[in-house]
Amino acid sequence: MLQIRDIIWGWLLIGCAAAIQVQITPSQGEISIGDSKFFLCEVVGDAKEIDWYAPSGEKILSTSTSDNLFVSRNDETTATLTIYHASGDSAGIYKCVAKNGDKEAQATVQVKIFQKITFQNAPSPQEFNEGEDADIVCDVFSSPPPNIIWKHKGSKIQPAKDVRYRIMSNGHLQIRGIKKIDEGNYDCEARVMARGEIDFRMMKVIVNVLPTIRARQSEVNATADISSTALLACDADGFPEPTVTWAHNNVVLETGDKYSLNEDGSELVIKDVKKVDEGDYTCIAKNKAGEKTEEVSLNVFVQPKITYFNNQTASEFDEQVTLTCEALGDPTPTISWSFGNRVFTEGEQASWTRPDKYESLDRNVVVRSHARVSSLTLKNIQFTYAGQYLCTASNSIGHDSQHMYLEVRYAPKILGAVTVYTWEGNPANISCEVDAHPGASVVWFRDGFQLPSPNTTNIKIYNTPTISYLEISPDSQNDFGSYNCTATNTMGTESKEFLLIQAEVPSSPEIQQVEPFSSTAVVEFDEPDSMGGVPIIKYRVQWRLPGKGWTGKEYDAEDDMMRITIVGLKPETTYEVKMSAINGKGEGESSLASTFKTEPVQGEPIAPKLEIMAQNGGKSLRINWIKQDDGGSPIKHYLVKYKAKHVSAWKPELRLPHGSEYILLSGLDWNTEYEVHVVAENQQGKSEPGIISFRTAMEPTTIPDAVDGGSGLGTGAIVGILIVVFFLLLVGVDVTCYFLNNCGLLMCIAVNFCGKAGPGAKSKDMEEGKAAFTKDESKEPIVEVRTEEEHTPNQEGRGPTEPNETTPLTEPEPAAADTTPMVVNLLPSTAANSVTESLSTAQSSPASESTTLTISTSSPTKAAPTKSSPKNSSHSNSLKADPQPNVGPLVDLSDTPKVAPSSIQTPLVLDAVSPPSANVDGPQSRCDSEKAPDSTQSKDLQVASQTKDAPSALCTDSTTPAQNDGKTVKEDNSTSETEVKNATGEVKTVPNEAPQANGNESKA
């Protein structure tokens, strides 16, 4: 049984393997009209023939191309059917048949032909005029017919919600009364639900707007016969942009000699306006939507002109005066009057066609107008009526004005404050301000006597054209009282009494409360009840620990000053505080002391109080701050930062020392608002910032000359020029000093680098009676008191020395360059012969002001002529020989007791004063000079001082300031003593020469 069944299944399998199977891909097809598509027939099994059959049953031959059908055999198992450009006839069931002998298999495919969505007429853009019903065209076809959806700005149009929209049966979109806001892109979307097909077209809808036109001025006024022009303008709007033309009397105007039009035609300029140009002009605006017109009227007038006016003169209290003004113009102008800010017509003046009158409320001013003439009548003349009156003629196109002057003569009027406060010793001015025409003379009286009187020396009068000032410096209470000012002119006299009142010190201010902090306290007070007649200038605040001494500080008084902050207090400490006010008279009484206790240490300080101080230049500002409470510990420093308000970034923070009170901000921008923060920091931390804002000044206008090609120099160039000029001036002065005075920088270079002998290298022969310098005729003669031990320069083989700034009045010793100058006072001595003295001061400079003293017991002799050095030969007033010199009187000391010179010591009181000296050798060289031994060794000069160091009394530092100016002679027996021993001296008198100009005089 099993074997039979297996055999049956085997034969079945063999039979199936030998059968042919056919499959068509795709199994069904939909083709849009005009499109092409192919179908593939695949055969499973061994087939010798594969054929395609049309829906009509006809075999489609491979060589046949009718009905746009084409069959091709690809290989032994496949054949392809292609339908090109399908039409409605291409629809139907196509069959593929495969054969192999008596075996045959087939498959079919149904082809459906449809019309896809096609937009036949959907133009873009589509234009419509605003306000009309727009029909937006969108013709679309498909099979089956499509469903049409309209969209605008991405949103679906729903006619059910907006009655202005309607979708027509042909798919068009209708918009009733389309507006400009409806303009834009519209989407016409077609859908075929059966096959899910969708397509759309975007159409641009343009809404043209009928032009609107607006004249800038419906009436334009122009002035005729002055070669003026008239501008007529109208502004047109619409879409698309309308074109503008102008017409006058139905004639279109074009650019030419008479008219000119701007680029868009909106402005018409009429040149050289005449009266015949007057009339209506039509502005025409036109675009696709239509045309609009607007009329503009041109009125041609004649500008007003004042042809007559008059000035008047009157006296105060006259009954009336009339000013007249006449004007021409077309149309006839109206005339108005004004005086300062006061207008007399105030719009109540009627037209020129009938007379009219304006009368002021006080009936003192009357304006009458008729035709083209107007008059202004002022009644009951007051001195305040004097001044400049303005007559203005105006019409619709312009105006003209002229000033008229009314001169009012009146008696003096005395103005000014009646009371003046001052105090003894403080000058005060009483001001008598006089208003008069013509000008008045002013006289002051006191008790019926005219000032200033011969008995008054403390009163002065200063007069200006309008004010007389009486300056009084009160010496006593009698100077206070009444003073009379009397002013007189040709119109009359006026007097006024002024009171000079004794000022008092102010009363005490009243302390209301004290607000303590840890290290500061704010004192709130009321101003004194009495100022004393003069303003308060300062307040003195004093505070102390109970039972201790008062500590005080003065504060400058300011307007509405009600609070003062005292600083430097200790935390948790009880203080007493009192106040007093100070005016020009002095300090008033102190207020009652108020007791307060400072707070404990708070920690951080209180924010500083800021204020702004403007600096010159505009781009710099000084920010001041007032220290507030420091929180109980000293302020370490202040932190400052600032920025422009329109930026977010702050400038780098600045750190200032604890004692700083301000900061100068420079380099700021013009016309910019800034914000400044100042923070105080102590050991406990930082305070809240003190904040202040300010705006810098506007940038100054550039000077026109510098802009218009001028040769303006910058600041740097100007500074450079000044430096060069100053340098050249210094060089010129130095060269002049070199050649004239043998001094200066060039002389220094010549001496130190070129080996040239300086002015100090020469000396004068004092033994032959040559003076060291010459003196002014107004001075006393030079008396040289010199011991015979001194060397003469000629004995050392050196030339004469020419005096200069550093040369002493007597010749130095060869071993030294200078000696110490002194002022010597000679007291009556017991010498046998009279001692003659003279104090001689150099006439060159403070550095060379010194006194030379020589002592002699012999009779004075005449000075020998002085030889001038070669360098001094060029000066006009060089030292010259004088056979009979003008010898000044000597100081005669012959009334003193006479004793033998060999045994008596002559006590001398010496005041040694060292004036400032330019000698570079210093005091040591002068001391050496005085101590150097003489070759003759005939006499010694000894000075005994009260101090133990005798040489120091004579040798002083050249840099020590001269206390007696090198000229004061004192008689003091206790100062020092001079011993004149064992020798005969020589007294030489140097005669008064003419004023010299050899260098010492020019250096003064």
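Provided above is the structure to which this section pertains.
Owing to the predicted nature of the structure, the values given are computational and were not obtained by experimental measurement. (Residues numbered from 1 in each chain as written. Predicted model: local features only at pLDDT ≥ 70, side-chain atom pairs only at ≥ 80, totals over all residues. Heavy atoms only, no water.)

(A) Seen up close, the state of the cysteines. As enumerated under the stated definition, the model contains five disulfides in all. Covalent S-S linkage joins Cys-138 and Cys-188, the inter-sulfur distance amounting to 1.9 Å. Taking the torsion about the S-S bond as the criterion, the Cys-138 to Cys-188 disulfide, at about -90°, is left-handed. With a gap of 50 residues between them, Cys-138 in the loop between β12 (134-136) and β13 (139-141) and Cys-188 in strand β18 (residues 184-192) connect regions that are remote in the sequence. In this pair, the class of Cys-138 matches that of Cys-188, namely buried. Here Cys-325 connects covalently by a disulfide to Cys-391, the sulfurs 1.9 Å from one another. Looking along the S-S bond of the Cys-325-Cys-391 disulfide, the torsion reads about -80°, which is the left-handed sense. Of this pair, Cys-325 sits in strand β29 (residues 320-330) while Cys-391 sits in strand β35 (residues 387-394), and the two are 66 residues apart along the sequence. As far as burial versus exposure is concerned, Cys-325 and Cys-391 are alike and both buried. Cysteine Cys-737 shares no disulfide, and the gap to the nearest cysteine sulfur, in Cys-743, comes to 4.3 Å. Judged by relative accessible area, Cys-743 falls into the buried class, the value being 18%. (Disulfide = S-S within 2.5 Å. Helix = DSSP H or I, 4+ residues; strand = E, 2+ residues; numbered from the N terminus. Buried < 20%, exposed > 50% of the residue type's maximum accessible area, 1.4 Å probe, protein only.)

(B) Broad picture of the sheet that holds strand β17 (residues 173-175). Taking strand neighbours across the sheet as the criterion, the three strands line up as β12-β17-β16 in an open arrangement whose pairing is antiparallel. Pairing within the sheet leaves two strands with one partner each, and these edge strands are β12 and β16 (165-167). Along the sheet, successive strands turn relative to each other by an average axial angle of 20°, direction set aside. Judged from the three bridges that link them, β16 and β17 form a sheet pairing that is antiparallel. Note on β17: the bridge partner recorded for Ile-167 is Leu-173. (Pairing = 2+ DSSP bridges. Axes fitted to C-alpha atoms, helices over the stretch in contact; angles between N-to-C directions.)

(C) Highlighting the pairing of strand β38 (residues 428-437). Side chains Ala-428, Ile-430, Cys-432, Val-434 and Ala-436 of β38 all project onto a buried face; the interleaved residues Asn-429, Ser-431, Glu-433, Asp-435 and His-437 project onto a face where none is buried. As paired elements, strand β36 (residues 399-415) and β38 share four bridges and run antiparallel to each other. By the bridge assignment, Leu-415 is partnered in β38 with Glu-433. Two elements, β38 and strand β42 (residues 467-472), share six bridges in a ladder whose sense is antiparallel. Bridge pairing in β42 links Ser-431 to Tyr-469.

(D) Local environment of helix α3 (residues 715-741). Between the first and last C-alpha of α3 there are 38 Å, a value that for 27 residues agrees with the 39 Å anticipated at 1.5 Å per step. If you check which residues of α3 are buried, you get Asp-734, Tyr-738 and Asn-741. (Expected span 1.5 Å × (residues − 1).)

(E) Spatial organisation of the packing of aromatic side chains. Per the stated rule, a full pass over the model turns up eight aromatic pairs. Here Trp-444 and Phe-498 contribute two aromatic rings whose centre-to-centre distance is 5.8 Å and whose plane-to-plane angle is 50°, an arrangement assigned as tilted. Taken as a pair, Trp-444 in strand β39 (residues 441-446) and Phe-498 in strand β44 (residues 492-502) lie far apart in primary sequence, 54 residues in all. Phe-498 sits in the buried class, given a relative accessible area of 0%. Ring centres of Tyr-642 and Tyr-674 lie 6.4 Å apart, and the angle between their planes is 50°; this geometry places the pair in the tilted category. Taken together, the positions of Tyr-642 in strand β54 (residues 635-644) and Tyr-674 in strand β57 (residues 673-682) put the pair 32 residues apart, joining distant regions of the chain. With a relative accessible area of 4%, Tyr-674 lands in the buried category. Joined through ring pairs, the aromatic side chains of Tyr-642, Tyr-674 and Phe-694 make up one cluster. A cation sits over an aromatic face here: Lys-578 above Trp-550, 4.3 Å from the ring centre. Cation over ring: Arg-622 sits above Tyr-662, and NZ or CZ is 3.6 Å from the ring centre. (Phe/Tyr/Trp six-rings, centres within 6.5 Å; stacked < 30°, edge-to-face > 60°. Lys NZ or Arg CZ within 6 Å of the ring centre and 35° of its normal.)

(F) Here's a closer look at unusual backbone geometry. Following Thr-25, the chain continues to Pro-26 via a peptide bond in cis, the omega torsion being -5°. With respect to the helices and strands, the residue Pro-26 is situated in the loop between β1 (21-25) and β2 (28-32). With an omega of 0°, the peptide bond running from Ser-124 to Pro-125 counts as cis. With respect to the secondary-structure elements, Pro-125 resides in the loop between β10 (118-121) and β11 (126-129). In this structure, Lys-153 is a non-glycine residue whose phi angle is positive, near 55°. On the secondary structure map, Lys-153 appears in the loop between β14 (147-152) and β15 (155-156). On the basis of relative accessible area, Lys-153 is assigned to the exposed category, the value being 64%. Not every positive phi belongs to a glycine, and Asp-560 is a case in point at roughly 55°. Looking at where Asp-560 falls in the secondary structure, it is placed in the loop between β48 (551-556) and β49 (563-566).

Limitation: the analysis is restricted to geometry and does not speak to function.
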